[in-house]
Amino acid sequence: QVQLVESGGGLVQPGGSLRLSCAASRSIFSPNVMGWFRQAPGKERELVATENTDTITNYADSVKGRFTIFRDSAKNTVHLQMNSLKSEDTAVYYCYARALVGITAGKKYWGQGTQVTVSS
């Protein structure tokens, strides 16, 4: 069973930066995709950014040009560099992983979430 643990959340002023990190307890069956979702109060969980095994990335339109996702396959980690943060980015951010093929294909793994608050 894969466990995902996030870190790096916190309080930051508008225009500031944070880096989120997620460590997986074991390797995800390859090929796979890892990334980040977020959920603001009263809203549905939404995709923020993902990166697959071939380093193909996908970003929500609202974060393009501000956020960058990157992976360290050797350490089973994924990171999200968040720059030019806005109050609208305030949410709980969840690490996400999913194998694309094999017996575990379709199984979604989630971290417990880390709070990001952007406020003056």
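The preceding data block contains the structure.
These numbers were taken from a predicted model, which means no experiment stands behind them. (Residues numbered from 1 in each chain as written. Predicted model: local features only at pLDDT ≥ 70, side-chain atom pairs only at ≥ 80, totals over all residues. Heavy atoms only, no water.)

Participant: Explanation requested: the state of the cysteines in the structure shown.
Facilitator: Two cysteines form a disulfide when their sulfur atoms are joined by a covalent bond. The full count for this structure, using the stated rule, is one disulfide. In this model, Cys 22 is linked to Cys 95 through a disulfide, with the two sulfur atoms separated by 2.0 Å. The chirality of the disulfide connecting Cys 22 with Cys 95 is left-handed, given an S-S dihedral of about -90 degrees. Placement of the pair is Cys 22 in strand β3 (residues 18-24) and Cys 95 in strand β9 (residues 91-99), with a sequence separation of 73 residues. Cys 95 shares its class with Cys 22; the two are buried. (Disulfide = S-S within 2.5 Å. Helix = DSSP H or I, 4+ residues; strand = E, 2+ residues; numbered from the N terminus. Buried < 20%, exposed > 50% of the residue type's maximum accessible area, 1.4 Å probe, protein only.)

Participant: Whenever I open this one, the nonpolar core confuses me. Can you help?
Facilitator: Most often, soluble globular proteins keep nonpolar side chains buried together rather than apart. Ranked by internal contacts, the top residues of the largest apolar core, which has 30 residues, are Leu 4, Trp 36, Val 48, Phe 67, Leu 80, Met 82 and Tyr 93. Broken down by secondary-structure element, the contributors of at least two residues to this core are β3, β4 (32-39), β5 (46-52), β7 (67-72), β8 (77-82), β9 and β11 (114-118). Residue contributions to this core peak at five residues, all from β9. (Core = buried A, V, L, I, M, F, W, Y, C linked by side-chain atoms within 4.5 Å.)

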